[in-house]
2 protein chains.
Amino acid sequence: MAQVKNTYQFEDLLEKHQLKKTGARLRVLSMMYAKNTATSQPDLESVMHDIDRVTLYRILNVFEEKGIIHKVFDLNGTANYAVCSSGCHEHHHHDEHLHFNCTACKGVFCLNELSLPAINLPEGFQASGFTLYASGLCPKCNKMQ
Amino acid sequence: MAQVKNTYQFEDLLEKHQLKKTGARLRVLSMMYAKNTATSQPDLESVMHDIDRVTLYRILNVFEEKGIIHKVFDLNGTANYAVCSSGCHEHHHHDEHLHFNCTACKGVFCLNELSLPAINLPEGFQASGFTLYASGLCPKCNKMQ
DNA sequence: TAGTAAATGCAATCGTGTTGCATTAGTGTT
DNA sequence: AACACTAATGCAACACGATTGCATTTACTA
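Read on for an overview of the structure. (Residues numbered from 1 in each chain as written. Chains lettered and ligands numbered in written order. Predicted model: local features only at pLDDT ≥ 70, side-chain atom pairs only at ≥ 80, totals over all residues. Heavy atoms only, no water.)

Each copy superposes on the other: chain B lies on chain A with an RMSD of 0.3 Å after a rotation of 178° and an axial shift of 0.0 Å. Here the copies are linked by what is in effect a two-fold axis. When you check the interface residues of chain B against chain A, 100% turn up at the interface there too, and the contact is symmetric in its surfaces. (Least-squares fit on C-alpha atoms with pLDDT ≥ 70 in both. Contact = heavy atoms within 4.5 Å.)

Quick look at the structure:
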């Protein structure tokens, strides 16, 4: 679900993470918080023509490092980013929820409300993180069928 | 677990899917069936220098279409391919098992023996497939720690 | 064994990700 | 308010996997 925030809250968020409050970062934040799907770098580029690709790339990277957003790959293997739930901290993500890839609109949905069931790994494997991907039709595309 | 097959069985496999029995395809099959980890295109290239990159790319694609192998992305978003379990058919994969990404050796393991617990999606979402990714240390790298 | 369609090799292109470096813009201080 | 300092940005360039078009070769079939 999209989380509505205003500019002041985004500035606070940047300050909290010791990041300078630049226009590019505020715009990226407001776009990502306004959507309920994950955003790829091409998505950002197509909207923010005036911001350099590399800048967007670095903004996404630093946001991920700081635990503001998390990375998730779509069906094509391209990185998508979504705002983290409150449980995320620097270098310690809690993105162990379900990522839904819509095969029609290509949207990537983070279904935070679902938690993963416990998984027992075979002997020897030691897991540090889990991600569950589902692919299919999102509610909107499902209706259009 | 690696599935041991001989050349005749690979030829049968190709014939079953109406694919011509070429040297390149047989070599790719024998390499993939011999391993218990998924194989990326770079992996294949580094071993089979005499086969063109594009040929390998097309072989992997046609194998995936026919349901012989399935695609899985590693932590970097690069495609890896692993032989399908017997339940796979053309355009209808049953790769709903656990994919384990080793953060040390970068190996991608398909743990077929684990089946996923049932997942209840929110209203409106209609899933056609699930994939569970885990990242951490594989048995070999775990021992080396 | 000759003909045909499929498979391959080569050249080239695209898109995402990545680094280095010069320039610009935030931020804290006087 | 001007300054200094560091972080952030823009630009150029590159790395590399993925992808297409086309000419050539190879595998199958009649």
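Near DNA strand C there are 22 residues, and of these A:Arg53, B:Thr22, B:Arg25, B:Thr55 and B:Arg58 occur at the shortest range. Near the protein, meaning within 4 Å, the atoms of DNA strand C are sugar or phosphate in a fraction of 61%, with bases accounting for the rest. Within the side chain of A:Arg58, an N or O atom sits 3.3 Å from a base oxygen of DNA strand C. Those elements that provide at least two residues to the surface near DNA strand C are helix H3 (41-47) and helix H4 (53-66) of chain A together with helix H2 (23-34) and helix H4 (53-66) of chain B. (Near = heavy atom within 4 Å. Polar contact = N/O pair within 3.5 Å; in protein donor to acceptor, adjacent residues only side chain to side chain. Helix = DSSP H or I, 4+ residues; strand = E, 2+ residues; numbered from the N terminus.)

With that settled, consider the sheet that holds strand E2 (residues 69-73) of chain A. Residue and element names in this part refer to chain A. With antiparallel pairing, 3 strands are arranged side by side in an open sheet as E1-E3-E2. Two strands in the sheet have a free side with no partner beyond their single neighbour: strand E1 (39-40) and E2. Of the strand pairs in this sheet, E2 and strand E3 (residues 79-83) are connected by 5 bridges, and their pairing is antiparallel. Residue pairing in the sheet places Val72 in a bridge with Asn80 of E3. In this fold helix H2 (residues 23-34) packs onto E1, E2 and E3, with an angle of close to 85° to the strand it touches most, E3. (Pairing = 2+ DSSP bridges. Axes fitted to C-alpha atoms, helices over the stretch in contact; angles between N-to-C directions.)

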